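Structural characterization, general
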Amino acid sequence: MLEPLLIKTLSDLRPQMLGWGLGVGFLLVLTVLVYPSMGPNYEKIINELPKEFHAFWGAGLDIGTFEGYLGAEFFNYTPIALAVFAILAGTASILGEETQGTLDILLSHPISRIRLVSAKLAGLAISNGVVVIILLAICFATLTFVDIDVKVGRILGAFLLLWPYLTAISFLSVLLSLLLSSRLFAGTVMAVLLVASFTLDSLANLESKLEPLRPIYITTYYQGGNALGSEISWAYTAGLLGIMFASLSLSIWIFLHRDIAVHIPIGVRTRLMTFIRRR
């Protein structure tokens, strides 16, 4: 039998999972379908742009291939776009329950804190995986309608590497929300860090002085672009997993030692009590 708290978490996130998965998936469909008509001229178009532009957006990608095209036109911005989902889901998972006044009701029943926070974090990991699976299914379904030679392994790697990246963003968002006790503030800080990391990481392709600082840029740890065009840095991939498990552990530790005292609206209390009794 599935954990009821996990079911509740996934149920709460279901509209966002479908919305983001299908919404970004629609852009992916358009990107793939345009390639047969645009592909032969794409490399020429890009090469006519300033070299600085090419370096900023497409460093390391062979833009003469479908994989390079997909990396430049889809995977350049997708990790940042989907990070919005990861941040919103992460900041809402625990602090959202506390703000709505449902967290202490859950804990007033025979539910341990470790069980609750584990279910919440597991739900975040699964929801990010569902979004990636939706995009992966849409991509390969769309490829059946076009005559393109593709390297399946590289495309598969680029999508699969989205999961630890998005999950790490979600867990970091949970951690910040617990530390700052404000969903809006935590989400804003996380968004600023991501945009700054993306900008500086791209500028490092142009400015050698920024190159040694790559390990502090969060977006550097997503190796999807490398999976499409060159070799994956397993050191960065291991670092991403380290960030994910470190933020997971710290979030659990902080939540276990956190004081919770929230006023519960009567309507919210009634709905939550009904949910618990049914389980």
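The numbering scheme is per chain: residues are counted from 1 as the chain's sequence reads. Where local features are concerned, this predicted model is filtered to residues with pLDDT of at least 70; where side-chain atom pairs are given and counted, the filter is 80 or more; whole-chain, interface and lining totals use all residues. Side-chain measures were taken over the full set of non-hydrogen atoms in the model, leaving aside hydrogen atoms and water.

Some remarks on the nonpolar core
Core analysis: the largest hydrophobic core is formed by 70 residues, its most contacted members being Phe-66, Phe-75, Phe-159, Tyr-165 and Ile-169. The way it works is that DSSP assigns letters per residue, a run of H or I at least four long becomes a helix, a run of E at least two long becomes a strand, and they are numbered from the N terminus. Sort the elements by how many residues they give to this core and helix 7 (residues 113-143) lands first, with 14 residues. Among residues more than four places away in sequence, those in contact with Ile-169 are Ala-83, Ala-86, Ile-87, Met-190, Leu-194 and Ile-218. We call a set of buried residues a nonpolar core when its members are Ala, Val, Leu, Ile, Met, Phe, Trp, Tyr or Cys and they connect through side-chain atoms within 4.5 Å of each other. Partly exposed residues are those whose accessible area sits between 20% and 50% of the maximum for their type, while under 20% is buried and over 50% is exposed, using a 1.4 Å probe and protein chains only. We call two residues in contact whenever any of their non-hydrogen atoms come within 4.5 Å of each other.

Examining the confidence of the model for the protein
Averaged over the protein, the pLDDT score is 84; the fraction of residues at 70 or greater is 84%. Between residues 262-266, whose pLDDT stays under 50, and residues either more than four places distant or in other chains, the model counts eleven contacts. Per residue, pLDDT captures the predictor's confidence, and it can take any value from 0 to 100.

Points about the packing of aromatic side chains
For any pair of aromatic rings, the description rests on two quantities: the centre-to-centre distance and the angle between the ring planes. Side-chain rings of Phe, Tyr and Trp, where Trp is taken by its six-membered ring, are said to pair if the distance between their centres is within 6.5 Å; with planes under 30 degrees apart they count as stacked, over 60 as edge-to-face, and otherwise as tilted. Enumeration according to the criterion identifies nine aromatic pairs in this entry. Between the aromatic rings of Phe-66 and Tyr-69, the centroid separation amounts to 6.3 Å while the plane-to-plane angle is 35 degrees, which identifies the pairing as tilted. Note that Phe-66 and Tyr-69 are positioned in helix 3 (residues 66-75) at a spacing of three residues, about one turn of the helix. Classification of Phe-66 by relative accessible area gives buried; the value is 2%. What makes Tyr-69 buried here is its relative accessible area of 2%. Summarising the aromatic geometry, the rings of Phe-74 and Phe-159 are spaced 6.4 Å apart at their centres and angled 45 degrees between planes, so their arrangement reads as tilted. Of this pair, Phe-74 sits in helix 3 while Phe-159 is found in helix 8 (residues 152-160), placing the two residues 85 residues apart along the sequence. With a relative accessible area of 0%, Phe-159 lands in the buried category.

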